[in-house]
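An overview of the molecular structure
Each chain, written out:
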Amino acid sequence: MGRCKCNFHASVCLPDSSGVDQCQCEHNTMGEDCQMCKPLFNNKPWARATPEDPAECEKCECNGRADECVYDSELGHGRCVACRDNTAGPKCAECAKDHFRDAAGNCVPCNCSEDGANSSQCDAQGKCSCKFGVEGDQCDRCKPQFFGLGRGGCQSCQCNSAGCIENTPSCDPITGQCACKDNVAGQKCDKCKNGYMGANVENEPDEENMSGCVKCFCYK
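Residues numbered from 1 in each chain as written. Predicted model: local features only at pLDDT ≥ 70, side-chain atom pairs only at ≥ 80, totals over all residues. Heavy atoms only, no water.

Before going further, it helps to spend a moment on the pairing of strand β14 (residues 153-156). Of the strand pairs in this sheet, strand β13 (residues 146-150) and β14 are connected by three bridges, and their pairing is antiparallel. What sits directly across from Phe-146, in β14, is Ser-156. Connecting the antiparallel pair β13 and β14 is a turn made up of two residues. (Pairing = 2+ DSSP bridges. Helix = DSSP H or I, 4+ residues; strand = E, 2+ residues; numbered from the N terminus.)

If you trace the backbone, Cys-216 turns up in the segment after β18 (214-215). On a C-alpha basis, the gap between Cys-216 and Asn-194 in space is 9.0 Å, while along the polypeptide they are 22 residues apart.

Further remarks concern the state of the cysteines. Enumeration over the complete set of coordinates arrives at 16 disulfides. The residue that forms a disulfide with Cys-60 is Cys-69, at a sulfur-sulfur distance of 2.1 Å. What sets the handedness of the Cys-60 and Cys-69 disulfide is the S-S torsion sign, and at about 75 degrees it is right-handed. With respect to class, Cys-60 is no different from Cys-69; both count as buried. The disulfide partner of Cys-142 is Cys-154, and the gap between their sulfur atoms is 2.1 Å. Classification of the bridge connecting Cys-142 and Cys-154 rests on its S-S torsion, roughly -85 degrees, and on that basis the disulfide is left-handed. Of the two residues, Cys-142 sits in strand β12 (residues 141-142) while Cys-154 sits in strand β14, which places them 12 residues apart along the sequence. (Disulfide = S-S within 2.5 Å. Buried < 20%, exposed > 50% of the residue type's maximum accessible area, 1.4 Å probe, protein only.)

Within this structure, the stated rule accounts for nine salt bridges. A salt bridge links Asp-85 to Arg-65; the nearest nitrogen and oxygen atoms lie 3.7 Å apart. A residue pair is termed long-range when its members are at least 10 positions apart, and Asp-85 in the loop between β6 (77-81) and β7 (87-88) and Arg-65 in the loop between β4 (36-37) and β5 (68-72) qualify at 20 residues. The closest approach of N and O atoms between Asp-115 and Arg-151, which form a salt bridge, is 3.6 Å. With Asp-115 in the loop between β10 (107-109) and β11 (134-135) and Arg-151 in the loop between β13 and β14, this residue pair connects regions lying 36 residues apart in the sequence. Asp-115 sits in the partly exposed class, given a relative accessible area of 28%. When its relative accessible area of 57% is taken as the criterion, Arg-151 is described as exposed. (Salt bridge = Lys/Arg side-chain N within 4 Å of Asp/Glu carboxyl O.)

Checked against the element boundaries, Gln-177 lands in the loop between β14 and β15 (184-185). Look at Gln-177 and you get partly exposed, because its relative accessible area is 35%. Setting aside residues up to four positions removed in sequence, Gln-177 forms contacts with Cys-171, Asp-172, Gly-186, Gln-187 and Cys-189. Within polar-contact distance, the side chain of Gln-177 engages the backbone oxygen of Gln-187 at 3.5 Å. (Contact = heavy atoms within 4.5 Å. Polar contact = N/O pair within 3.5 Å; in protein donor to acceptor, adjacent residues only side chain to side chain.)

In structure tokens:
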């Protein structure tokens, strides 16, 4: 018949469906001979029990976000495995990479713009570090007077104030086209339309002129 070998982690053996005696493991152990700790009870190494010491397996502290842990000799305690809810760390107490803890205490994605942010990791408030000319918590849009969000950030509009409708000119955030006065042309509103002239020899728009440029006139 033989005897159950349960490493002193069971007080009884009972037959299974096939009639073979099986250890009824205690002390948070498992296995044919109770030779290992249950998945979430590896906060210290498994040990054989003695009459003096039950050597009970200890539960890991995973903050309810993992179902398994392994003993880590460098830490001196268990390390949680496969943390849930975007958490990480030996005890699932930290937010995973590229996440931050919101006001409700949940770890949520930073969602930093791949083009506009210096890094995929945000700060504790969920704000990403933006490249030149870029703004927004996720660094996903150009600042006023900037356009063309791309790998290098945004470009300066460089609108010619003399040729623009606005006193503090800005441009289209996608195309970079500045808002020109009626008789002014160019992406930067820096030249007169054909058939119009400016106030100087460079034929640039006149800041004092509401239309920017005046119609050309020729003497016969």
